[in-house]
Amino acid sequence: MQPQKNGFNFMLLLPIVGGLVIAGALVCAAAFAIWAFAFYEPGGRAARPSPTPTFEVVRFNDADAGQQVASADPVDSVPAEQPEPAEPVVEQPEPAEAAAEAPPTEEASPVEEAAPANTETNQEAAAPAVAPVINTAPVTMSSPDYGMQVFLYWQSEIADRDLKLVEDAGFRWVKQEFPWREIEPVQKGGFDWEKTDRIMDQIDAHNLKVIARLGVQPPWAGGGFPEIGPPDNLQDFADFITAVATRYKGRVDAYQIWNEPNLSREWGNRPPNAAEYTEMLKVAYEAIKAVDPYPIVISAGMAPTTRNDDVARPDTYYIQEMYDAGAAPYFDALGAHGPGYASEPEKDPAEIAQTPGLANPGDFKAENNVPEELRRVYGFRHVEDVREIMVKNNDADKQVVLLEFGWTIDPRPDSPYKWHAVSSEQQAQYFVRAYQYAKANWQPWIGIMSLIYVADPTWTMQDEQTYWSIVYPTYPELTAAPAYYALKEMPK
């Protein structure tokens, strides 16, 4: 075919186009090599970069309750002023509500596992390369010793982050629930150890000690399921505990037996019964010690309450009834709860009991008939009342473990906790001063002081538990209250 006259000869472009194609290929190859080096892992899996956590301090106020307001104020700028008494509640509670509100009780995690936010991180956290530390002598506690309550069960990457926060703060203990209804969920003997194995490996990897809280029965055990209650047959509980103690022999440092049995909601919606709980404590203690003599067995922490009826029993009354039922040989340390409510930790409980702004205003109404001695429960130093019961029962050689204590900053106008909410700055001060007070006044009988909470990642800003926390449920961002930083800087 003859070329057209006066046309363009395309053959002249071939060398130019070819050169451009080769140059483009070289550029693409170089870019791919850079990407592979930076973002590709051996084995053919692209590494997903993890978000970098950022520290924030969160304040709350009435105008934006339920929303997070960030501030960068350092902890050492927290003022040292004393708290002002909480404003009286305008609407007084009805007689049936005239009890001390116990801090929120975390429930067993849902059966469905929350999806992990980062699969690669989850896989790596599930198998830390560390040999477990095996106890070969009785576990001991410092006076005081430092602990935080954590929620490690469902999301391993968040668990690893939270354990590092505890470790970085210089605390030695974590308290973690080992929920019976999740470990042996469907039938007796049908154990699922996957999550507790991972939890124990992560705790060991961070060189921390653990209080394992045992309770919340599965459906097959009865006890009023889905409510929390003692099993129909205590031997089922003993067998479960034997299995836990056998699997984690030498690794679990302490066991807490049940939680707040002085409340009907924790006792199958039946009237609280200290003699029944003492029997549970006995079978649990004997089951643990038959397998592993070294961990500390701690009795349940009791809810602080001024109610004395079929719904709730005051902690001091209940503990004395435990002693009367013969509980003394069946725990190594006495569990207690010590929320501070509206008062600073040093405040004398006798003064609190006489001050409506520092105790539930409903407890001062004549028709509620709340004795002044029970209103002492609204102070952190109410722990001293619990200790006095031990002394009177010739059990002073044992230590007290403060299984829960703290202050809420709950700003929500309709919250039943708002009457004793403190500011975030006060919360930070009070936590530090609580440890300092215990160190100066409670040695040698105070053991672990486990604060609440490093928040459960499933909580939201609508959950009252969140406002007791020192680290908030905002993963992958790290959002912490001033209290976390104050405790981190506190001499241990």
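So, how was this worked out
- Residues numbered from 1 in each chain as written.
- Predicted model: local features only at pLDDT ≥ 70, side-chain atom pairs only at ≥ 80, totals over all residues.
- Heavy atoms only, no water.
- Core = buried A, V, L, I, M, F, W, Y, C linked by side-chain atoms within 4.5 Å.
- Buried < 20%, exposed > 50% of the residue type's maximum accessible area, 1.4 Å probe, protein only.
- Helix = DSSP H or I, 4+ residues; strand = E, 2+ residues; numbered from the N terminus.
- Contact = heavy atoms within 4.5 Å.
- Salt bridge = Lys/Arg side-chain N within 4 Å of Asp/Glu carboxyl O.
- Axes fitted to C-alpha atoms, helices over the stretch in contact; angles between N-to-C directions.
- Parallel < 35°, antiparallel > 145°, perpendicular 65-115°, else oblique.
- Left-handed = near helix turned anticlockwise from the far one by under 90°.
- Nonpolar A, V, L, I, M, F, W, Y, C, P; charged D, E, K, R; others polar.

Describe the nonpolar core, naming the residues involved and giving the relevant values.
One finds F171, F237, I257, Y277 and F405 to be the most contacted residues of the largest nonpolar core, which totals 101 residues. Broken down by element, this core gets its largest block of residues, 10 residues, from helix α7 (residues 274-291). In this structure, F405 is in contact with G338, P339, F380, F431, A434, Y435, M449, S450, L451 and I452, ignoring residues within four places of it in sequence.

An account of the environment of T460 is requested, with residue identities and associated values reported.
Among the secondary structure elements, T460 is positioned in the loop between β12 (446-451) and β13 (478-480). On the accessibility criterion, T460 (35% relative accessible area) is partly exposed. For the pair T460 and T474, spaced 14 residues apart in the sequence, the C-alpha separation amounts to 8.6 Å.

Mind laying out the pattern of salt bridges, listing which residues take part and the relevant values?
Applying the stated criterion to the full structure yields 23 salt bridges. A salt bridge links R270 to E276; its shortest N-O distance comes to 3.2 Å. The exposure class assigned to E276 is partly exposed, which follows from its relative accessible area of 30%. What emerges from the salt-bridge pattern is a single network uniting K188, D236 and D239.

Describe in detail the packing of helix α6 (residues 234-247) against α7, supporting the description with residues and values.
Contact geometry of α6 with α7 gives a least axis separation of 9 Å together with a crossing angle of 30 degrees. With respect to α7, the element α6 is oriented roughly parallel. Viewed along their axes, α6 and α7 form a crossing whose handedness is right-handed. Note on element contacts: α7 touches α6 through E279, M280, V283, A284, A287, I288 and V291, opposite L234, F237, A238, I241, T242, A245 and T246. Residue classes in the contact of α6 with α7 are distributed as 11 nonpolar, 2 polar and 1 charged.

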